[in-house]
Amino acid sequence: MGIKVAKFGGSSLADAEQFRRVRSIVMMDEDRRYIIPSAPGKRHSSDHKITDLLYLCHEHAQKGIPFGEIFELISTRYLKIVEELGLSLDLRPILEDIREKVLGGYSVEYTASRGEYLNGLILSEFLGYEFVDPAEMILFTESGVYDSKRTLEAVEKTLAKIENAVIPGFYGSRPDGGIQTFSRGGSDITGAIIAQGIKADLYENWTDVSGFMMADPRVVKNPKPIKEITYRELRELAYMGANVLHEDSVFPVRQAGIPINIKNTNEPEAEGTLIVPNGGDFSRSGMITGIAGKKGFTVITIEKAMMNTELGFGRRLLSIIESRGISFEHMPSGIDSISLVISDNQLNEKLDGIIEEINQQLKPDAVDVHDNMALIATVGQGMARTPGISGRLFSALGSEDINVRMIAQGSGEMNIIIGVENDDFERAIEAIYYAFVN
Ligand code: ADP
Ligand code: ASP
Ligand code: MG
């Protein structure tokens, strides 16, 4: 007997039918003692995610625009689930209380968190498991930074006395009592933290795909599933856009050496992907493990003859973006040039000011700005020891006529990152995929 923590994502809990599947999965294995639900996701491609609707309600409330109709969509979704499951839970007064609080100016974090809170109440009654509010256990500092030490103590202490519990994902609280959420997709993090705190034997992450695939199934048709992958490889892929699992959910379980199993709620018998501390499937050296990417980057390239002899050049450049609260993704450099790759959502309207200050402070020969860039990472633990991988990768891109604007290699030689035009993104991923898989 061991302890399993099982997190179920939005599509796994999108309607009553999905709740039934979840219950049968939970009941199949008595080790599944702590269950982490997300808010209801999409039931079909044109449907809404409850969390998106909640953000929308808050935005309307802030602008003084009525949001009753949107809130009605939310209420109807939950009430229908409760009714179809035949539960006695009366959600109406709870929904009304939430609506009033949003109207009365409660925070965006509070508003967004109610999606998980409500789903947790429903799932708790449906499974007959105790409801534990993560506001009591998942703790943040005053400034909203996750506080691992206090959280782990609280999780251990609270759950030691509870045999089976439902703990909503995505949020916790600050010392002032205010609700704090993780970033989008953050229920994965809650599950990982609970697994760490309770010293689980396995963290199961139940979603709508039968594991981690070698590439995003929305880009490559029927990509090969990955049977086993290391935390490090997974973190690289997740960070670079393979959002099956939130990138920050790796740390808690990795520290505790707890494997993660990604499973499909709609195909529970499929093995899924196992994420392990070390090793992975080394027999596949010579193969890549996976490909992931993100659109929306800008590259600023600064050219200046002899910049390599100018003491403090790099530091002054970085302090220009630092003073604006911006971090960079990559910094490829040559002898007389240096580039900064920055995500557009960090850059916002700050670009002009940055260029102006670079010109003033660093007196470069030229500054070139290239926007609409996408980054693609090809990841594999076995790559470092295999000659010819990059040759294969670049010739595949070349024969598809895809212009590579930037190349970076991680120091662990576990990944090759390239920059291409946003418009070439999907084609580039396909080209790389078929260069290694046939
Ligand atoms: P959940 O709501 O269960 O948390 P998400 O939508 O966050 O699920 O994550 C699952 C989705 O991730 C899949 O439906 C798929 O579209 C997408 N995805 C992106 N990259 C990959 C990949 N490499 N392998 C599998 N799925 C991927
Ligand atoms: N419901 C939240 C979101 O949509 C958290 C999650 O699904 O993990 O981002
Ligand atoms: Mg998710």
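Look up a bit, the structure's there.
Let us look at the structure shown here.

1. Here's the deal with the overall build of the protein
Part 1 of the argument: For the protein, the count of helices and strands is 14 helices and 15 strands.
Part 2 of the argument: On C-alpha atoms alone, the protein measures out to a radius of gyration of 24 Å, which is about the 22 Å that the 2.2 N^0.38 rule sets for 438 residues.
Part 3 of the argument: With the principal axes as the frame, the protein shows a C-alpha extent of 75 × 55 × 40 Å.
Part 4 of the argument: Split into buried and exposed, the 438 residues of the protein put 53% on the buried side.
Part 5 of the argument: The contacts in the protein between residues at least 6 apart in sequence include a share of 74% that link residues at least 24 apart.

2. Thoughts on the site of ligand 1
Part 1 of the argument: In the region of ligand 1, 17 residues are neighbours, and K7, G10, T207, D208 and M213 sit closest.
Part 2 of the argument: Measuring from an oxygen atom of ligand 1, one finds a backbone N or O atom of G10 at 3.1 Å.
Part 3 of the argument: The separation between an oxygen atom of ligand 1 and a polar side-chain atom of D208 is 2.8 Å.
Part 4 of the argument: Calculation on ligand 1 without its partners gives an accessible area of 580 Å², and the protein chains cover 84% of this total.
Part 5 of the argument: Its residues assigned to classes, the shell around ligand 1 shows 8 nonpolar, 5 polar and 4 charged.

3. Comments concerning the sheet that holds strand β7 (residues 202-207)
Part 1 of the argument: Sheet architecture is open: 8 strands sit in the order β3-β4-β2-β1-β7-β9-β10-β8, paired in mixed fashion. Every interior strand has two partners, whereas the edge strands, β3 (130-131) and β8 (228-230), have only one.
Part 2 of the argument: Along the sheet, helix α8 (residues 231-239) makes contact with β8, β9 (260-264) and β10 (273-276), crossing β8 at roughly 85 degrees.

4. Quick notes on the site of ligand 2
Part 1 of the argument: Taken together, the residues surrounding ligand 2 are S38, K49, T51, E116, F170, R184, G185, G186 and S187.
Part 2 of the argument: Between ligand 2 and G185, the relevant distance is 2.8 Å, taken from an oxygen atom to a main-chain nitrogen or oxygen of the residue.
Part 3 of the argument: Its residues assigned to classes, the shell around ligand 2 comprises 1 nonpolar, 5 polar and 3 charged.

5. Notes on the packing of helix α4 (residues 92-103) against helix α5 (residues 108-127)
Part 1 of the argument: Contact pair α4 / α5: the axes reach a minimum separation of 11 Å and the direction vectors enclose 175 degrees. One way to sum up the angle between α4 and α5 is to call them roughly antiparallel. Here I94, L95, I98, K101 and V102 of α4 lie close against α5, whose contacting residues are Y110, T111, R114, Y117, L118 and L121.
Part 2 of the argument: Residues belonging to the contact of α4 with α5 are distributed by class as follows: 8 nonpolar, 1 polar and 2 charged.

6. Observations regarding the pattern of salt bridges
Part 1 of the argument: For the coordinates displayed, the defined rule picks out 24 salt bridges.
Part 2 of the argument: In this structure, R32 and E204 form a salt bridge, with 2.6 Å as the shortest nitrogen-oxygen distance. Here R32, found in strand β2 (residues 32-37), pairs with E204, found in strand β7; they are 172 residues apart in sequence, far enough to count as distant.
Part 3 of the argument: Assessed through its relative accessible area of 2%, E204 is described here as buried.
Part 4 of the argument: Look at the salt bridges and you will find they share partners, linking R43, D47 and R77 into a network.

7. Quick look at unusual backbone geometry
Part 1 of the argument: Despite not being glycine, N222 has its phi angle at roughly 40 degrees, a positive value.
Part 2 of the argument: Mapped onto the secondary structure, N222 falls in the loop between β7 and β8.
Part 3 of the argument: Phi at N348 is positive, roughly 40 degrees, even though this residue is not glycine.

8. Observations concerning helix α13 (residues 389-399)
Part 1 of the argument: If you check which residues of α13 are buried, you get I389, L393, A396 and L397. The buried side chains of α13 occupy one side of the element, clustering within an arc of 95 degrees when seen end-on.
Part 2 of the argument: Where the residues of α13 are buried, they touch β13 (366-379), β15 (415-421) and α14 (425-436).
Part 3 of the argument: A positive phi of about 65 degrees marks D401, the residue just after α13.

Conventions adopted
- Residues numbered from 1 in each chain as written.
- Chains lettered and ligands numbered in written order.
- Predicted model: local features only at pLDDT ≥ 70, side-chain atom pairs only at ≥ 80, totals over all residues.
- Heavy atoms only, no water.
- Helix = DSSP H or I, 4+ residues; strand = E, 2+ residues; numbered from the N terminus.
- Rg over C-alpha atoms; globule rule 2.2 N^0.38 Å.
- Buried < 20%, exposed > 50% of the residue type's maximum accessible area, 1.4 Å probe, protein only.
- Contact = heavy atoms within 4.5 Å.
- Near = heavy atom within 4 Å.
- Polar contact = N/O pair within 3.5 Å; in protein donor to acceptor, adjacent residues only side chain to side chain.
- Areas by Shrake-Rupley, 256 points an atom, 1.4 Å probe, with all protein chains shown as cover.
- Nonpolar A, V, L, I, M, F, W, Y, C, P; charged D, E, K, R; others polar.
- Pairing = 2+ DSSP bridges.
- Axes fitted to C-alpha atoms, helices over the stretch in contact; angles between N-to-C directions.
- Parallel < 35°, antiparallel > 145°, perpendicular 65-115°, else oblique.
- Salt bridge = Lys/Arg side-chain N within 4 Å of Asp/Glu carboxyl O.
- Arc of directions from axis to C-beta.

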